[in-house]
Amino acid sequence: MTTTRSARVPSGLLRTLALAGALAAPAAAASDALTPPAFHGTRESPAWLSLRLGSATAGKAKAEPEVGAPTWVRLNLSLTATWRRYCARPGVDSCGAYDRLPEEDQLGDTSDFSSSHPYLGLALEAEVLPLARGQSSVLRGLGFKLGAQRAFSSSDVTLTGDGGQTPVREVSATDTAFTAQALYRFYFRFGTTRPQQGYVGARAGLQTRAFDVEASTDTPLSGTHRVFPAVALDLSVPLFSSVRLDASGGLLLSPKPGRSPDADGGRRAQEVSDFGTSVSSFGWGAELGVTGDIWGPFGYDVAWRLAHFRDRFSGAGTLTGWDDGGATEETYSSLHVGLIATY
């Protein structure tokens, strides 16, 4: 009996251990499923941690330069074609007012000048922004602009007086302009895939415009010489990665004739004394064009420019019929096609 009892005890113990193992297996599996991934050394880092590390690495990469970003120096050499129109009418405020008068009231000497051929020449402009590379500075748009233009051609001149109209005469003439202005530009960004920059700006300074007609006894028409302050607003908007639309408009403040940087009191004074004893003048200018990139630091510029002057004379002039002043008007229309270099 002793032998039989000792054989039953291990059999009951094995059943108990088997039952405990069966119950422990699901618990272990559940415990493994609930264990946080952070405690398993072989698991990968969480997705949010990988993204954060990736953005930090990208932030250290060098940013792609913005299209149209400010440059220190911009040079523009252009071929120009300029057309000029000029008229002088006594006793009225404008040439149009005189031309609307009845024919019997159109008395006194009048002048009409038109360019039968464009004045061909060159124009050179330089823009300097010494603080342009200061990305965080509001002063990076501060700079100055210098420009010079010279053109030559022949023109048709017709003089009309009480004795009738003179034959059309062909005379040679030159058109000269200078610009010296301070400027400021505020830059703004365009686009999302590749940054581009446009700007709005303002300019103020001095300009000159001189039109010289060859002096001869049979061509008494004198030219005009003006030195005047000017202010303007500029806008540049990127249309594509290599094409920009540029526009500007401004006022020409008191651009009176008879003023010139060089000293020539006789002929310069005649630009006023022929028509009256004093003169008040007003003018405006406008420009519309496109610029773009060609290769590296080089680009192109195509622009159409207008400058209009109106002079109102008072008092008695030396010309016939100019007993109470009158008006003259002068308009320059120019096409510029040029090459741009930037640094």
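Novice: Can you lay out the state of the cysteines for me, pointing to particular residues and giving the numbers?
Specialist: Within the structure shown, the criterion is met by one disulfide. The disulfide partner of C87 is C95, and the S-S distance across this bridge is 2.0 Å. Taking the torsion about the sulfur-sulfur bond, which here is approximately 105°, the covalent link between C87 and C95 counts as right-handed. Look at C87 and you get buried, because its relative accessible area is 11%. With a relative accessible area of 5%, C95 lands in the buried category.

Novice: Break down the confidence of the model for the chain for me, citing the residues and quoting the values.
Specialist: Averaged over all residues, the pLDDT of the chain equals 80, while 70% of them reach at least 70. Every residue in residues 1-11 scores below 50 in pLDDT, and together they form zero contacts with partners more than four places removed in sequence or on other chains. Under a pLDDT of 50 for its full length, residues 27-62 has, in the predicted model, four contacts with residues more than four places off or in other chains.

Novice: Any chance you could break down the packing of aromatic side chains for me, citing the residues and the numbers?
Specialist: In the structure shown here, the tally under the stated rule is ten aromatic pairs. Aromatic pair W72 and Y343: ring centres 5.5 Å apart, planes at 50°, arrangement tilted. Within this pair, whereas W72 is found in the loop between α2 (47-59) and β1 (73-90), its partner Y343 is found in the segment after β12 (326-342), the two being separated by 271 residues in sequence. Judged by relative accessible area, W72 falls into the partly exposed class, the value being 29%. Among the residues examined, Y343 registers a relative accessible area of 58% and is labelled exposed.

Novice: Got a sec to walk through the pattern of salt bridges? Specific residues and values, please.
Specialist: The full count for this structure, using the stated rule, is 14 salt bridges. A salt bridge links R226 to D311, with the shortest nitrogen-to-oxygen separation between them at 2.9 Å. With a gap of 85 residues between them, R226 in strand β8 (residues 224-240) and D311 in strand β11 (residues 298-314) connect regions that are remote in the sequence. By the burial criterion, R226 is buried, and D311 matches it. A salt bridge links R310 to E329, with the shortest nitrogen-to-oxygen separation between them at 3.7 Å. Here the residue R310 occupies a position in strand β11, and E329 occupies one in strand β12, the gap between them amounting to 19 residues. Exposure remark for E329: the relative accessible area of 15% places this residue in the buried category. Here the salt bridges share partners, and the residues they tie into one network are R84, R226, D311 and E330.

Novice: Please provide a residue-by-residue account of the nonpolar core, values included.
Specialist: Counting residues in hydrophobic clusters, the biggest one holds 20 residues, and the most contacted among them are F113, Y119, F211, V213, F275 and F309. Listed by contribution, the elements that provide at least two residues to this core are β1, β6 (169-190), β7 (196-213), β8 and β11. A per-element tally of this core places β11 first, with three residues. When residues no more than four places from it in sequence are discounted, the contact partners of F275 are Y86, A88, F313, G315, G317, L319, W322, G325, G326 and T328. Listed in part, the five residues of the second largest apolar core include A132, L183, Y187 and Y199.

Rules of the game
- Residues numbered from 1 in each chain as written.
- Predicted model: local features only at pLDDT ≥ 70, side-chain atom pairs only at ≥ 80, totals over all residues.
- Heavy atoms only, no water.
- Disulfide = S-S within 2.5 Å.
- Buried < 20%, exposed > 50% of the residue type's maximum accessible area, 1.4 Å probe, protein only.
- pLDDT = per-residue confidence, 0-100.
- Contact = heavy atoms within 4.5 Å.
- Phe/Tyr/Trp six-rings, centres within 6.5 Å; stacked < 30°, edge-to-face > 60°.
- Helix = DSSP H or I, 4+ residues; strand = E, 2+ residues; numbered from the N terminus.
- Salt bridge = Lys/Arg side-chain N within 4 Å of Asp/Glu carboxyl O.
- Core = buried A, V, L, I, M, F, W, Y, C linked by side-chain atoms within 4.5 Å.

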